[in-house]
Amino acid sequence: MQDYVIPQNWDRFTAAEHATWARLYQRQVALLPGRACPEFLAGLRALDLAAGIPDFRVLSETLQHLTGWQVVAVPGLVPDAVFFEHLANRRFPAGNFIRRADQLDYLQEPDIFHDVFGHVPMLTDPVFADYMQAYGRGGQRALRHGSLPNLARLYWYTVEFGLVRTDAGLAIYGAGIVSSASETIFALEDASPHRLGFSLPRVLRTPYRIDDFQQTYFVIDSLPALLDETVNTDFAPLYVDLASLPDIPLPAIDPADVVFTRGTQSHAAAH
Ligand code: HBI
Ligand code: FE
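To start, this report covers the structure provided alongside it. The structure presented is a predicted model; accordingly, all values stated were derived computationally and were not measured. (Residues numbered from 1 in each chain as written. Chains lettered and ligands numbered in written order. Predicted model: local features only at pLDDT ≥ 70, side-chain atom pairs only at ≥ 80, totals over all residues. Heavy atoms only, no water.)

**Focus on the site of ligand 1**
Next up, step 1: Close contacts around ligand 1 come from Val74, Gly76, Leu77, Val78, Asp80, Phe83, Phe84, Pro93, Tyr135 and Tyr155, and that covers them all.
Next up, step 2: The separation between a nitrogen atom of ligand 1 and a polar main-chain atom of Gly76 is 3.1 Å.
Next up, step 3: Here Asp80 contributes a side-chain N or O atom positioned 3.2 Å from an oxygen atom of ligand 1.
Next up, step 4: Isolated, ligand 1 exposes 390 Å² of accessible area, and the fraction of that covered by the protein chains is 85%.
Next up, step 5: Cavity membership is defined here by more than half of the atoms lying within 2 Å of grid points; on that basis ligand 1 lies in the largest pocket.
Next up, step 6: Counting residues per element, the shell around ligand 1 draws most heavily on helix α4 (residues 80-88), at 3 residues.
Next up, step 7: Of the residues assigned to the shell around ligand 1, the class counts are 8 nonpolar, 1 polar and 1 charged. (Near = heavy atom within 4 Å. Polar contact = N/O pair within 3.5 Å; in protein donor to acceptor, adjacent residues only side chain to side chain. Areas by Shrake-Rupley, 256 points an atom, 1.4 Å probe, with all protein chains shown as cover. 1 Å grid on protein atoms, 1.4 Å probe; cavity = no way out; pocket = protein on both sides within 12 Å on 5 of 7 lines; lining within 4 Å. Sits in = over half its atoms within 2 Å of the grid points. Helix = DSSP H or I, 4+ residues; strand = E, 2+ residues; numbered from the N terminus. Nonpolar A, V, L, I, M, F, W, Y, C, P; charged D, E, K, R; others polar.)

**Focus on the pattern of salt bridges**
Next up, step 1: Overall, the coordinates contain 11 salt bridges when judged by the stated rule.
Next up, step 2: Across the pair Arg153 and Asp247 runs a salt bridge whose closest N-O atoms are separated by 2.8 Å. Taken together, the residues Arg153 in helix α7 (residues 148-160) and Asp247 in the loop between α12 (235-243) and β7 (258-261) connect sequence positions 94 residues apart.
Next up, step 3: Close ionic contact of Asp212 with Arg209 constitutes a salt bridge, the shortest N to O distance being 3.2 Å.
Next up, step 4: Three or more residues are tied together by salt bridges with common partners; here these are Arg209, Asp211 and Asp212. (Salt bridge = Lys/Arg side-chain N within 4 Å of Asp/Glu carboxyl O.)

**Details of the coordination of the iron ion (ligand 2)**
Next up, step 1: Protein coordination at the iron ion (ligand 2) comes from His114 (NE2), His119 (NE2), Glu160 (OE) and Glu160 (OE), with a distance range of 1.9 to 2.8 Å.
Next up, step 2: Classification of the site at the iron ion (ligand 2) as irregular follows from its 4 donor atoms and the range of 51 to 131 degrees in their angles at the metal.
Next up, step 3: Of note, the iron ion (ligand 2) draws all its donor residues from one chain, in the sequence arrangement H-x4-H-x40-E. Of this pair, His119 sits in helix α5 (residues 112-119) while Glu160 sits in helix α7, and the two are 41 residues apart along the sequence. Across the pair, Glu160 and His119 agree in class, each one buried. (Donors = N, O, S within 2.8 Å, 3.2 Å for Na, K, Ca; no water. Tetrahedral: all angles 85-135°; square planar, octahedral: opposite > 155°, others 65-115°. Buried < 20%, exposed > 50% of the residue type's maximum accessible area, 1.4 Å probe, protein only.)

What is shown is where atoms sit, not what they do.
Spelled out as structure tokens, the structure:
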């Protein structure tokens, strides 16, 4: 199988591209204390990402010592099978381009800032590092069973847009949120989105949109709880059960949902 890995050619990035990275980085680190989870902030401190676009040779050296992960450059989104093969082998494929200065707030395709600033700090946490590898292996199985659309929802509502409970209230661990200035605020503070307790079958039944802020975020109790719930679950019978159940459309709330209102939680239906 072709792995789509390309040389990063770090030396070819221009001063303007490094400046765009530094500008995005400074904007996020001004927002994230008190909003990103402790594991993300610890990862940011462990990696040297402030100055400009990181050299993947240096970044992977540090990451390898922490959790055995490395970052490889790819041209952009790669086929699912290729993506899962990389994750299953502790390689994170990062897009090798950065957005233009006039695209600072939104771009459709994940660029190097989304992929590296958003995803890589969490890979310094041993539990999340295990989760990402388990996801890769699960994706390879799902491809064989034709159940990928369901599993992609798990990635979306955890790795990309996940929230986690902390003693200080809800915090962000999802890369799509933590790499976006506006969604960093929206996900924790806006009254409009639902924040629901994570449940694996519930997430697998929930569609998602890729072109706007999320209408529903899922909240895990902790990273170990997420790893435990997914690694110790045989997805095959779950996929069978789900095949006979309809999706739960956005922004519906299911009676079994645990609904978090900023800082507290309550059950959807009065018990
Ligand atoms: N490729 N480079 C890259 N990065 C991703 O995040 C990615 C991908 N291919 C497929 C994909 N994500 C998702 O469709 C999987 O979660 C299924
Ligand atoms: Fe991503």
